[in-house]
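Structural features, examined
Here is what each chain is made of, one letter per residue.
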Amino acid sequence: MGMERLLPTPEAYELLDLARELADGELAPRVDDFEARGEFPREVIRTIGRAGLLGLPYPEDLGGAGQPYEVYLQVVEILAGRWLAVAEAVSVHTLSCYPVYAHGGEQLRKLLPDMLGGELLGAYCLSEPQGGSDAASLATKAVLDGEAYVVTGTKAWITHAGRADFYNIFCRTGGEGSHGISCLLADAATPGIVPQAPEKTMGLRSSPVAQIAFDGARVPADRLVGAEGTGFRIAMEALDSGRLGIASCAVGLAQAALDYAVGYAREREQFGRSILDFQGIRFMLADAATGIAAARALVLAAARLKDAGRPYSAEAAKAKLFATDMAMRVTTDAVQVLGGYGYVADHPVERYMREAKVLQIVEGTNQIQRLVIAKSL
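Residues numbered from 1 in each chain as written. Predicted model: local features only at pLDDT ≥ 70, side-chain atom pairs only at ≥ 80, totals over all residues. Heavy atoms only, no water.

Bringing the domain arrangement of the chain into the picture now. Per the domain assignment, the segments of the chain are domain 1 (10-117), domain 2 (122-229) and domain 3 (232-376). Contact with domain 1, which involves 22 residues of that partner, is made by 28 residues of domain 3. Interface area, domain 1 with domain 3, both sides summed: about 2,100 Å², of which 63% is carbon and sulfur. Area buried by domain 1 at its contact with domain 3 is led by Tyr69, Glu77 and Leu84, which between them contribute 29% of it. In this assembly, domain 1 and domain 3 are joined by three salt bridges. Between Glu77 and Arg296 there is a salt bridge; the shortest N-O distance is 2.8 Å. Between the two partners, domain 1 and domain 3, sit eight residue pairs in polar contact (both at pLDDT 80 or more). For the side of domain 1 that touches domain 3, the secondary structure elements donating two or more residues are helix H2 (31-37), helix H4 (69-80) and helix H5 (84-103). The element contributing the most residues to the side of domain 1 that touches domain 3 is H5, with nine residues. Residue classes in the side of domain 1 that touches domain 3 are distributed as 12 nonpolar, four polar and six charged. (Domains from an automatic or database assignment. Contact = heavy atoms within 4.5 Å. Buried area = accessible area lost by both parts, 1.4 Å probe. Salt bridge = Lys/Arg side-chain N within 4 Å of Asp/Glu carboxyl O. Polar contact = N/O pair within 3.5 Å; in protein donor to acceptor, adjacent residues only side chain to side chain. Helix = DSSP H or I, 4+ residues; strand = E, 2+ residues; numbered from the N terminus. Nonpolar A, V, L, I, M, F, W, Y, C, P; charged D, E, K, R; others polar.)

The next thing to look at is the pattern of salt bridges. In the structure shown here, the tally under the stated rule is 22 salt bridges. Residue Arg50 pairs with Glu119 through a salt bridge whose shortest N-O separation is 3.5 Å. Linking Arg50 in helix H3 (residues 42-50) with Glu119 in the loop between helix H7 (112-116) and strand S1 (122-125), this pair joins segments that are 69 residues apart in sequence.

A few words now on the pairing of strand S5 (residues 181-187). Most of S5 is tucked away, with six of its seven residues classed as buried. Here S5 runs beside strand S8 (residues 224-225); their pairing, made up of two bridges, is antiparallel. Across the sheet, residue Cys183 finds its bridge partner in S8, namely Val225. (Buried < 20%, exposed > 50% of the residue type's maximum accessible area, 1.4 Å probe, protein only. Pairing = 2+ DSSP bridges.)

In this section: the packing of helix H8 (residues 231-267) against helix H9 (residues 279-307). Direction vectors running N to C along H8 and H9 enclose 155°, while the axes themselves pass 10 Å from each other. Between H8 and H9, the angle is such that the two are roughly antiparallel. When the axes of H8 and H9 are compared, the crossing they make is left-handed. Along the contact surface, H8 presents Ser241, Leu244, Ala247, Ser248, Val251, Ala254, Gln255, Leu258, Ala261, Val262 and Ala265, while H9 presents Ile281, Leu285, Ala288, Ala289, Ile292, Ala295, Arg296, Val299, Ala302, Ala303 and Lys306. The residue inventory of the contact of H8 with H9, partitioned by class, reads 17 nonpolar, three polar and two charged. (Axes fitted to C-alpha atoms, helices over the stretch in contact; angles between N-to-C directions. Parallel < 35°, antiparallel > 145°, perpendicular 65-115°, else oblique. Left-handed = near helix turned anticlockwise from the far one by under 90°.)

A separate point is the UniProt feature "domain: Acyl-CoA oxidase/dehydrogenase middle" (unreviewed entry) in the chain. Taking the numbering used here, the UniProt-annotated feature "domain: Acyl-CoA oxidase/dehydrogenase middle" (unreviewed entry) corresponds to residues 123-215. Taken as a whole, residues 123-215 contains 0% helix and 47% strand, while its terminal C-alpha atoms sit 18 Å from one another. (UniProt positions renumbered as here; feature names shortened; annotations may be inferred.)

Here we come to the UniProt feature "domain: Acyl-CoA dehydrogenase/oxidase C-terminal" (unreviewed entry) in the chain. Cross-referencing UniProt, the feature "domain: Acyl-CoA dehydrogenase/oxidase C-terminal" (unreviewed entry) maps to residues 229-377 in the present numbering. Note that residues 229-377 is 77% helix and 3% strand, and that its end C-alpha atoms are spaced 28 Å apart.

Another point: the packing of H5 against H8. Orientation of H5 relative to H8, taken along the N-to-C sense of each, is 160°, at an axis distance of 9 Å. Judged on the interaxial angle alone, H8 and H5 are roughly antiparallel. Between H5 and H8 the crossing geometry is right-handed. Only Arg233, Ile234, Glu237, Ala238, Leu239, Gly242, Gly245, Ile246, Cys249 and Leu253 of H8 make contact with H5, whose side of the interface consists of Leu84, Ala87, Glu88, Ser91, Leu95, Tyr98, Pro99 and His103.

On the surface, a cluster of negative charge is made up of Glu11, Glu14, Glu60 and Asp61. Mapped onto the secondary structure, Glu60 falls in the loop between H3 and H4. Owing to a relative accessible area of 60%, Glu60 belongs among the exposed residues under this scheme. (Patch = residues over 30% accessible without salt bridge, like charges linked within 9 Å, V, L, I, M, F, W, Y side chains within 5 Å. Areas by Shrake-Rupley, 256 points an atom, 1.4 Å probe, with all protein chains shown as cover. Lys, Arg positive; Asp, Glu negative; His and termini not counted. Charge placed at Lys NZ, Arg CZ, Asp CG, Glu CD.)

Given below as structure tokens:
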């Protein structure tokens, strides 16, 4: 599947083999059933956690696997090729561990082994019903009352809403604008945290997404991540790395669509020969293969900058923009290669196409990525 991979450590090859084994053994046989029922595969996520794949880019002494980001992203790509909702869950969870890892004090960091071991599943509460792309104008409020912050407001489009064990809540503790925002880490069981009914989504139906109402939820003051007023910076930092996770999801999804389309075109005969012999089909598949290779290269180049401790924000935005637009195009073409069969649920390409769309929207729409890239020029 995909290209021959050059990896930084011998151990990384074993990790990718393990990811393939899990993807083929645990994910591929279940995806259609869970997607049809719209059920979240919590046990599958737990299995992935126990296999050590939920804390890959975090240090081993904190319960992670101490892997470079470029290796973690290739694991995400492999999982996405079998079940996008699971790969996205890994990406969102990894993103949700970032604030505590990078900015949490000693007390908070004691929670990391359970977070990174996959026993506790995370969610990231930034977007709101009125403000998606304009995160700096968020309205959810947290007021310090004695030993706790009282949180009031509503968050929207929260992956793992109602299923997560902990929530990163980005809320307003100060004045207007980005400087008034802080980050709180809340237990999901906190009274006053009320997940709403799941959204009925176009794709990723086994991934629970919903609004969460905060109705005077009391979050202990020692659950403040970083200092008051640094929440917006923490959110944006986390999104840089999260965007690479989504870009890898896009590469894996597109690769799966291409692999399926090639297999189908080889078998399908029209006018007395395989449709793979027709130039119109061959060129479409060649363009897809090239787009996938280019996107993968962009993702890994950004990851290597991150691994080296260099600035990579604009490179992450380029990778996310290019990879997700590419995945939309490749999955659409895969449906076209299958013709009428591409439009029915007997073949997975219609699901791939529905799933690709959301990747152009989450973790910053592709219009926002263009703003980030333009600003860097």
